[in-house]
Amino acid sequence: MAPSIYTLEITPRLPQRLRRLEDLANNLYYSWRREVRHLFSLIDRDCWQQTGDNPRLFLQRVAQEKLDAVLDDPVFLADFDDACRHFDDYLAQPLSPEIAEKLQPNDLIAYFCAEYGFHESLPIYSGGLGILAGDHCKAASDVGLPFVSVGLLYRQGYFKQNIDAQGNQIASYLDLDFHTLPISPASDADGRAITVTIELPGRSVLARVWQVAVGRIRLILLDTDLPENSPNDRQITYRLYGGDRRTRIEQELVLGIGGVRALRALKLAPTAWHINEGHSAFQVLERMREHVQQGESAGMALEMVASSTVFTTHTPVPAGHDVFSAELVDEYFSAFWPKIGLSREDFFALGRQADDPGFNMTALALHGSRQHNGVSAIHGRVASEMASSFWPEVPASENPITHVTNGVHVDTFLARELSQLFNSLHRDWRWHLRDSEYWSFVDQIPPDRFWSVRSAIKAELLVDIRRRLSAQLAQDGMSDIRIERTLRYLQGGESDVLLVGFARRFATYKRANLLFRDRARLARLVADERRPVVFVFAGKAHPADEPGKALIREIWQIANEPEFHGRILLLEGYDMALARKLVAGCDVWLNNPEYPLEASGTSGQKAGLNGVLNLSVADGWWGEGYQRGNGVANGWSIKPYDRSFDHNYCDSEEASDLLTLLETEVIPMFFDRDHTGLPHRWIRYAKMAIRTILPQFNAARMVCDYIHHHYLPAAAHGRRLRVDSGQPAQGLEQFKQRVRAAWAGVSGRLISELPAQLHSTDTLELVVEVTLNGLKPEDLAVECLFGEVGLHDQWQTHTRFTATATPQPPASNRAIYRFALNTSLAGLQHFRFRLVPHHALQLHPYELGLMKWL
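Residues numbered from 1 in each chain as written. Predicted model: local features only at pLDDT ≥ 70, side-chain atom pairs only at ≥ 80, totals over all residues. Heavy atoms only, no water.

**Q** Mind laying out the packing of helix H8 (residues 128-143) against helix H28 (residues 699-742), listing which residues take part and the relevant values?
**A** Axis separation between H8 and H28 bottoms out at 8 Å; the angle between their running directions is 80 degrees. Between H8 and H28, the angle falls in the class roughly perpendicular. The segment H8 lies against H28, with Leu132, Asp135, His136, Ala139, Ala140 and Val143 engaging Ala699, Ala700, Met702, Val703, Cys704, Tyr706, Ile707 and Tyr711. For the contact of H8 with H28, the per-class residue count stands at twelve nonpolar, one polar and one charged. (Axes fitted to C-alpha atoms, helices over the stretch in contact; angles between N-to-C directions. Helix = DSSP H or I, 4+ residues; strand = E, 2+ residues; numbered from the N terminus. Parallel < 35°, antiparallel > 145°, perpendicular 65-115°, else oblique. Contact = heavy atoms within 4.5 Å. Nonpolar A, V, L, I, M, F, W, Y, C, P; charged D, E, K, R; others polar.)

Written as structure tokens, this is what we have:
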């Protein structure tokens with residue numbers, strides 16, 4: 001029998017002079033301020049690394065003598081005082097005047113998401129959605145927005161990844177010790193822990209409410225791992241995206257319904273609600289229940305809820321949208337739909353998309369919101385087409401789905417060396433993140449200084465890659481000689497090798513293996529010893545995604561083939577820490593998704609703002625981000641092939657274009673040096689990348705877009721519908737019922753004669769007669785559209801005119817709509833007419849989805 005091993009943690013006493021280290025450790029401000037994290041590492045670098053860069057855990061584990069020692073270090077104390085002063089100044093910053101003047105005193109935005117990626121010390125994220133949500137919260141804090149975010153606190157975050165000696169991904173999960181996380185239980189005025197109750201079939205589940213300080217905003221997290229719950233119910237929030245469909249619907253019930261109840265328990269009353277992906281859409285039902293409980297009808301309640309709700313969809317892949325079976329929804333909601341005044345049929349209609357019999361969370365989010373957006377211009381168009389059945393008579397290009405292109409949090413992902421460089425040139429650069437003209441100063445940085453900074457960032461990455469791979473390969477049983485052979489191209493100077501990075505989730509549509517379509521050609525490309533190229537891959541596949549895991553095995557196998565040995569490297573353990581190093585230190589960032597399935601792809605934005613050049617298919621954000629002119633560009637763009645052709649053909653052609661760009665532009669430009677070793681053309685490209693990408697694709701711009709185009713309109717629209725005990729909402733709901741009932745019998749015709757010719761100064765008189773079928777004339781509008789028939793017989797409008805009805809006798813079932821047009825148009829013109837419902841309180845003119853062409 002093996003002897004017992006006992007565990008004892010000896011915690012130091014924090015000296016009074018350093019007491020404010022606790023403030024810094026308990027606010028995720030540290031997740032984007034490197035100088036704060038550096039402060040902890042200065043106390044004890046080894047302990048800092050052993051505690052996973054987690055300030056709170058560090059303060060529990062660091063030796064007392066290490067803390068006492070820095071009390072005698074004037075440099076450390078000066079840095080500590082500076083960090084505390086900057087932290088206090090940050091918390092005290094006023095809201096931007098351009099936003100403050102548009103907010104009402106009680107405005108509050110509530111943001112719901114299933115995962116958040118702030119920093120590796122709080123591992124409650126899996127990938128892009130979570131990192132984006134974290135960046136959104138950080139930018140909201142920077143702006144000073146009245147903002148609260150809501151999510152789940154998982155006992156096990158996303159898995160820890162290892163890759164074995166056969167290239168298999170091994171997933172392992174570690175239970176989080178909540179005492180080591182920068183979180184605290186929420187409590188009421190009497191100091192009692194706040195919990196909320198969520199009704200599940202035959203039982204109630206209790207969820208504890210936690211709070212996280214994120215700069216100037218709060219993150220609210222819910223956790224069901226409580227002794228009052230059954231063992232099964234304690235598991236609901238156990239693992240991020242874990243379990244079966246039953247676990248998933250229970251997680252989303254806790255997030256959506258429990259999240260609303262948590263905000264109420266905290267006495268928070270949001271005026272705008274943001275559903276970030278469909279996982280949290282059950283919040284719509286809970287908020288409807290609150291309104292119905294106050295005596296409102298279900299239809300009126302839905303209008304009230306939807307009026308102040310924003311929904312963002314993040315995936316153009318149908319499989320990425322949660323759909324629950326009718327049987328499961330019956331089980332979990334049969335006792336709920338009577339509480340919101342709905343029949344089973346009407347309840348299921350809220351979650352129905354087209355003829356799908358299941359309950360679709362994206363459908364619920366769309367029905368329960370009046371503002372909807374994708375996350376890039378391309379994705380906005382794709383999302384409009386995917387959701388066209390919700391507005392069946394409206395062209396997809398005109399339906400209510402718009403886009404807000406994602407952005408990334410600059411302070412989180414900008415390399416320390418570049419931040420220091422910008423500080424030395426313009427200390428106020430953080431105040432000008434959205435000012436494109438301001439960033440022209442980057443072009444004035446001397447080439448040698450710029451290249452020196454970029455080389456230092458890359459050198460740090462090369463050291464880290466060598467360290468990681470040495471441990472990884474040794475663990476797989478590789479000999480020291482073979483490890484050195486594998487890493488031989490990383491041993492020279494940082495300018496001696498072109499480093500191409502690919503790091504993201506291993507999903508098949510992201511085509512991590514596109515580079516290997518023509519292996520013989522790739523082998524010739526990497527065989528040039530005079531111009532060495534190394535490709536570095538990293539990323540996780542979902543544990544249930546067998547095709548994604550097969551991609552990892554394929555790349556591992558290729559990396560071990562003789563012609564690619566040392567030229568293709570595959571890193572395990574992908575997380576935020578590794579991601580920050582890769583996006584900053586590589587020379588080229590590779591992204592080759594299958595068009596148009598990349599919603600945004602923010603890793604390329606993180607790379608670009610660091611001066612890393614994107615080599616990407618023109619999908620997601622890169623469709624907007626790629627710029628070229630005057631002999632310089634901010635990267636390279638691969639034009640996607642028409643997917644109406646054979647997909648295998650498209651993949652082959654795009655792979656060929658990728659290799660051609662590497663052979664003819666990327667590699668020659670990188671190794672084209674002057675007598676001092678400077679690649680001047682490459683430096684111009686890298687500067688243009690920073691100058692064009694940083695001010696356009698940062699999270700400050702993204703959040704300000706949401707504020708101006710979504711949050712403020714949502715809050716204002718909600719206020720309009722709530723006045724006079726909700727009479728406007730009731731009127732709007734009655735209008736919609738009236739129009740839907742009468743729409744089949746509504747028709748119109750042009751009754752005025754058209755002149756064959758018109759002079760440019762003449763007025764064009766047009767008269768349309770509409771059969772109302774019981775509607776009021778003011779319930780409808782007639783639109784006259786000038787345009788042309790484009791590709792695929794699609795009508796393209798370039799000028800729009802709208803007419804409302806002229807007064808008619810009260811008993812008339814017809815109405816006249818007149819146009820008197822003085823246009824500046826010239827030449828042969830084409831125009832059409834259409835009828836649309838009209839109400840002043842519609843947030844979008846076509847939100848009913850009804851439209852008739854004459």
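Read on for the rest.
**Q** Pulling in residues and values, what's your account of the packing of helix H19 (residues 447-475) against helix H27 (residues 680-693)?
**A** H27 packs onto H19 with a crossing angle of 75 degrees between their chain directions and a minimal axis gap of 10 Å. Relative to H27, H19 is oriented roughly perpendicular. Judged by residue contacts, Pro447, Phe450 and Trp451 of H19 engage His680, Trp682, Ile683, Ala686, Lys687 and Ile690 from H27. Its residues placed into classes, the contact of H19 with H27 shows seven nonpolar, one polar and one charged.

**Q** For the side chain of Gln169, give the residues involved together with the corresponding values.
**A** Examined against the element boundaries, Gln169 turns out to sit in strand E4 (residues 169-172). By relative accessible area, which is 10% here, Gln169 ends up buried. A polar atom in the side chain of Gln169 sits 3.0 Å from the side chain of Gln161. Within the structure, the side chain of Gln169 is placed 2.8 Å from the backbone oxygen of Ala541, a separation counted as a polar contact. The residues touching Gln169, leaving out its near neighbours within four places in the chain, are Phe159, Gln161, Asn162, Lys540, Ala541, Pro543, Lys549 and Ile552. (Buried < 20%, exposed > 50% of the residue type's maximum accessible area, 1.4 Å probe, protein only. Polar contact = N/O pair within 3.5 Å; in protein donor to acceptor, adjacent residues only side chain to side chain.)

**Q** Please set out helix H23 (residues 576-585) residue by residue, giving values where relevant.
**A** Most of H23 sits inside the fold, with nine of its ten residues counted as buried. Residues of H23 that are buried include every one of Met576, Ala577, Leu578, Ala579, Arg580, Leu582, Val583, Ala584 and Gly585, and no others. Measuring from the backbone nitrogen of Ala577 back to the side-chain oxygen at the start of H23 gives 3.1 Å, which picks out Asp575 as the cap.

**Q** Before we move on, can you summarise unusual backbone geometry with the specific residues and values?
**A** That bond from Tyr595 to Pro596 is cis: its omega, 0 degrees, falls within 30 degrees of zero. Within the element layout of this structure, Pro596 appears in the loop between strand E18 (588-591) and helix H24 (603-608). Backbone geometry places Asp53, a non-glycine residue, at a positive phi of 55 degrees. With respect to the element layout, Asp53 can be found in the loop between helix H3 (45-50) and helix H4 (55-61). Here Tyr241, not a glycine, exhibits a phi torsion of approximately 55 degrees, which is positive. Overall, Tyr241 belongs to the buried group, its relative accessible area being 15%.

**Q** Report on the sheet that holds strand E27 (residues 814-821), specifying residues and quantitative values.
**A** Read across the open sheet, the three strands follow the order E23-E24-E27; overall the sheet is antiparallel. For this open sheet the edge positions go to strand E23 (747-750) and E27, each flanked by a neighbour on one side alone. The sheet shows a mean angle of 20 degrees between the axes of neighbouring strands, taken without regard to direction. Bridge count for strand E24 (residues 764-771) against E27 is eight bridges, and the pairing is antiparallel. Residue pairing across strands places Val767 opposite Arg818, the latter belonging to E27. (Pairing = 2+ DSSP bridges.)

**Q** Please provide a residue-by-residue account of the sheet that holds strand E16 (residues 533-538), values included.
**A** Spatially, six strands are ordered E17-E16-E15-E18-E19-E22 in an open sheet, and the strand pairing comes out parallel. Two strands in the sheet have a free side with no partner beyond their single neighbour: strand E17 (568-571) and strand E22 (635-638). Adjacent strand axes in the sheet meet at a mean angle of 20 degrees when their direction is disregarded. Pairing analysis gives four bridges linking strand E19 (residues 613-617) to E22, with the strands arranged parallel. Counted as the bridge partner of Ser616 is Ser637 from E22.

**Q** Could you give an account of the pairing of strand E26 (residues 795-803), with specific residues and numbers?
**A** Inspection of the sheet shows strand E25 (residues 780-789) paired to E26 by eight bridges, in the antiparallel sense. Across the sheet, residue Gly787 finds its bridge partner in E26, namely Thr797.

**Q** So, the state of the cysteines: which residues are in play, and what are the values?
**A** Counted according to the given criterion, the structure contains zero disulfides. Left without a disulfide partner, Cys84 is nearest to the cysteine sulfur of Cys47, which lies 19 Å away. Left unpaired, Cys137 is separated from the closest cysteine sulfur, that of Cys113, by 8.3 Å. Residue class for Cys137 comes out buried when judged on its relative accessible area of 0%. (Disulfide = S-S within 2.5 Å.)

**Q** Can you lay out the packing of aromatic side chains for me, pointing to particular residues and giving the numbers?
**A** With the rule as written, the count across this model stands at 51 aromatic pairs. Seen from their ring centres, Phe112 and Trp273 are 6.0 Å apart, and the 35 degrees between their planes marks the pair as tilted. A residue pair is termed long-range when its members are at least 10 positions apart, and Phe112 in strand E1 (residues 109-112) and Trp273 in strand E9 (residues 272-276) qualify at 161 residues. We note that Phe112, like Trp273, is buried. An angle of 65 degrees between the planes, with centres 6.3 Å apart, marks the rings of Phe645 and Tyr649 as edge-to-face. Counting every residue linked through ring pairs, the aromatic cluster contains Phe282, Phe324, Phe333, Phe336, Trp337, Phe347, Phe348 and Phe359. Over the ring of Phe670 we find Arg673, and its NZ or CZ is 4.7 Å from the ring centre. Sitting over the face of the ring of Trp795, Arg832 holds its NZ or CZ atom 5.3 Å from the ring centroid. (Phe/Tyr/Trp six-rings, centres within 6.5 Å; stacked < 30°, edge-to-face > 60°. Lys NZ or Arg CZ within 6 Å of the ring centre and 35° of its normal.)

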